[in-house]
Amino acid sequence: MARYCREVTPSVLPDNLRCRVSSLYAASYGNLKAFLPLWFTISNPYGNFLSYYNWPYLYSTTPLKNSLSKYIDFAKLNNPDNKPRLVITSTDIQKSESVTFDSKFTRIDADHIIACAGFPFYGIAWTEKDGRYLWDGSLQSNTPLREVIDASPKDDKEVYIVNLFPRIQKEIPENMLDSWHRARDIMHTDKTDNNIRMSKVISRYLTLLREMHDIISNVQLDDKMKESFRQIEKEYHKLAGERGAIIKKITRIERTEDVHFLFEDADFSIKTIKNLIKQGEGDAENALTTK
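Note that this is a predicted model, so its numbers are computed, not measured.

S.K.: So what about the overall build of the protein? Which residues, and what values?
M.R.: For the protein, the count of helices and strands is 10 helices and eight strands. Across the 291 residues that make up the protein, the buried fraction comes to 35%. In the protein, once contacts between residues fewer than 6 apart in sequence are set aside, the share between residues at least 24 apart is 65%. Just so you have it, the protein exposes about 18600 Å², and 57% of that area is on carbon and sulfur atoms.

Here is the structure:
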């Protein structure tokens, strides 16, 4: 694919034009390591290309599954002593429910991962896994902070959020494609502020419970009240230990973009990939050194 990108999107092209040409090429021919158009598959279950409007999706994720199987050490990933854990989310198409896969409780394989990557608005196929049909987790929550809180250790949590969809864009859309692009970014940008506010409220409740516990534990109680207190104390320690000080600190790594294009995600040109890596490193370093 890299060879094709060099041929189709030479570096002499302006960034905005290169992005469009590369995206158009990927939409037509796919990416040999990630997705393949159904019209290039031998066993297309939905008929010939002329009936594409009846297809439920346009691209197969079999190449992505093969890439994951080749490059990921799933034995190491699923080692119970391995840290950090992998927590990924998908969406149940039929039930409109968020589905979480946690390497602590589930043996993660390539199917679990691609089940979290099927994006219907780009025509990416769903994945059938464990009797469920699954799409990308972003349809429910693109920043699964709730799942991280549930999965995190009992200690105070320091959370790092990488926002791939720009929160701020100064330019107003100039045409319909620009409008769709900006709407897409807004729908998928980080929306965890409410989760953070609720975590602070819960932390405050737990602080009050802790203070009340300390007072009651130093008061003389009769046998009946002692037994009631022992039962309550078990639940208190569970809540205080597992949900105490839910979030200690949030660090956000925000992405900006120079080119606003609806199908920028399909730009696999070498120059764009290198620029994104460099930009990500810079954004992360800036966020970590200024926090």
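What follows picks up the thread again.
S.K.: How would you sum up the pattern of salt bridges? Please name residues and give values.
M.R.: A pair can form between side chains of opposite charge whenever their charged atoms are brought close. Across all of its chains, the model carries seven salt bridges by this definition. The salt bridge involving Arg85 is made with Asp102; its shortest N-O contact spans 2.3 Å. Residue Arg85 is found in the loop between helix H4 (74–77) and strand S3 (87–92), and its partner Asp102 is found in strand S4 (residues 97–102); the two are separated by 17 residues along the sequence. The partner of Lys129 in a salt bridge is Asp109, and the shortest N-O contact between them spans 2.8 Å. Pair noted here: Lys129 is in strand S5 (residues 127–129) and Asp109 is in the loop between S4 and helix H5 (110–114), with a separation of 20 residues, a long-range link.

S.K.: Let's hear about the packing of aromatic side chains: which residues, and what values?
M.R.: According to the stated counting rule, one finds eight aromatic pairs in the structure shown. With a centroid separation of 5.3 Å and 80 degrees between ring planes, the pair formed by Phe35 and Tyr59 is classed as edge-to-face. A residue pair is termed long-range when its members are at least 10 positions apart, and Phe35 in the loop between helix H2 (15–29) and strand S1 (36–37) and Tyr59 in strand S2 (residues 59–60) qualify at 24 residues. Of the residues examined, Tyr59 reaches a relative accessible area of 7% and is grouped as buried.

S.K.: Let's hear about the environment of Ser269: which residues, and what values?
M.R.: Mapped onto the secondary structure, Ser269 falls in the loop between strand S8 (249–254) and helix H10 (270–290). C-alpha separation for the pair Ser269 and Ala26, spaced 243 residues apart in sequence, amounts to 9.6 Å.

S.K.: Help me get a handle on the pairing of strand S6 (residues 132–136), residues and values and all.
M.R.: Relative to S6, S3 runs antiparallel, the two sharing three bridges. Within the sheet, the bridge partner assigned to Asp92 lies in S6 and is Leu134. If you look at the hairpin formed by S5 and S6, you'll find two residues sitting between the two strands, and Asp130 has a positive phi there, around 55 degrees.

S.K.: Can you tell me about the environment of Arg20, naming the residues and giving the values?
M.R.: Tracing the sequence through the fold places Arg20 in helix H2. Distance from Arg20 to Phe261, taken between C-alpha atoms, is 7.7 Å for residues 241 residues apart in sequence. Arg20 has contacts with Val259, His260 and Phe261, leaving out every residue within four places of it along the chain.

S.K.: Any details on the side chain of Asp102? Residues and values, ideally.
M.R.: Asp102 sits in the buried class, given a relative accessible area of 8%. For Asp102, the side chain forms a polar contact with the side chain of Arg85, separated by 2.3 Å. A polar side-chain atom of Asp102 sits 2.9 Å from the main-chain amide nitrogen of Lys104.

S.K.: Lay out unusual backbone geometry in plain terms, naming residues and giving numbers.
M.R.: Positive phi, close to 55 degrees, is recorded for Ser96, a residue that is not glycine. Tracing the chain through its elements places Ser96 in the loop between S3 and S4. Taking the relative accessible area as the measure of exposure, Ser96 reaches 52% and is therefore exposed. One non-glycine residue, Asp130, adopts positive backbone phi at about 55 degrees.

S.K.: Which residues make up the sheet that holds S6, and what are the values?
M.R.: With antiparallel pairing, the four strands of this open sheet are ordered in space as S4-S3-S6-S5. Where the open sheet ends on each side, the last strands, each with one partner, are S4 and S5. If you compare each strand with its neighbour and ignore which way they point, the axes differ by 45 degrees on average.

S.K.: Report on the confidence of the model for the protein, specifying residues and quantitative values.
M.R.: The predicted coordinates should not be examined in detail at positions where pLDDT is low. When pLDDT is averaged along the protein, the result is 80; 86% of the residues meet or exceed 70. pLDDT under 50 marks residues 1–9. Its contacts with residues more than four places away, or in other chains, come to 19 contacts.

S.K.: Give me the nonpolar core: which residues, what numbers.
M.R.: Judged by nonpolar contacts, Leu68, Phe74, Leu77, Ile88, Val99, Phe101, Ile108, Ala110, Ile114, Ala115, Cys116 and Leu134 together constitute the single largest core of 12 residues. Listed by contribution, the elements that provide at least two residues to this core are H4, S4 and H5. One finds Ala26, Tyr59, Phe119 and Ile124 within the second-largest nonpolar core, a separate group that totals seven residues.

S.K.: Before we move on, could you go through helix H7 (residues 176–188) and cite the residues and values that matter?
M.R.: Taking 1.5 Å of rise per residue, 13 residues should cover 18 Å, and H7 covers 18 Å from first to last C-alpha, within 8% of that figure. What H7 keeps buried is the set Asp178, His181, Arg182, Arg184, Asp185 and His188. Looking straight down H7, one finds its buried side chains confined to an arc of 155 degrees; they lie on one side. Exposed residues pointing more than 90 degrees away from the buried face of H7 are listed as Met176 and Met187.

Cut-offs and rules
Each chain carries its own residue numbering, running from 1 in the written order of its sequence. Given that the model is predicted, a residue must reach a pLDDT of at least 70 before its local features are reported, and side-chain atom pairs must reach 80 or more before they are shown or counted; all residues, however, enter totals for whole chains, interfaces and linings. Hydrogens and water are ignored here; the side-chain numbers use all heavy atoms of the structure. For the purposes of this entry, the term helix denotes a DSSP run of H or I that reaches at least four residues, the term strand denotes a run of E that reaches at least two, and both are numbered from the N terminus. Only protein chains enter the calculation, and the probe is 1.4 Å; a residue is then buried if its accessible area is under 20% of its type maximum, exposed if over 50%, and partly exposed in between. The contact rule is simple, with two residues in contact once any of their heavy atoms fall within 4.5 Å. Per-residue and other accessible areas follow the Shrake-Rupley method at a 1.4 Å probe size, with only the shown protein chains counted as cover for residues. In the sections that follow, a salt bridge refers to a side-chain nitrogen of Lys or Arg positioned within 4 Å of a carboxyl oxygen of Asp or Glu. Under the pairing criterion, centres of Phe, Tyr and Trp rings, with the six-membered ring standing for Trp, must be within 6.5 Å; the plane angle then separates stacked pairs below 30 degrees from edge-to-face pairs above 60, leaving the rest tilted. What makes two strands pair is DSSP finding at least two bridges between them. N or O atoms closer than or at 3.5 Å make up a polar contact, with two conditions inside protein: a donor-capable atom paired with an acceptor-capable one, and, for residues adjacent in sequence, both atoms drawn from side chains. Each axis is a line fitted through C-alpha atoms, taken for helices only over the stretch in contact, and angles between the N-to-C directions span 0 to 180 degrees. A score between 0 and 100, pLDDT records how confident the predictor is in each residue. Throughout, nonpolar core names a set of buried Ala, Val, Leu, Ile, Met, Phe, Trp, Tyr and Cys residues whose side chains join them through atoms within 4.5 Å. Take the number of residues in a helix, subtract one, and multiply by 1.5 Å to get its expected span. The directions from the helix axis to the C-beta atoms form the arc being described.

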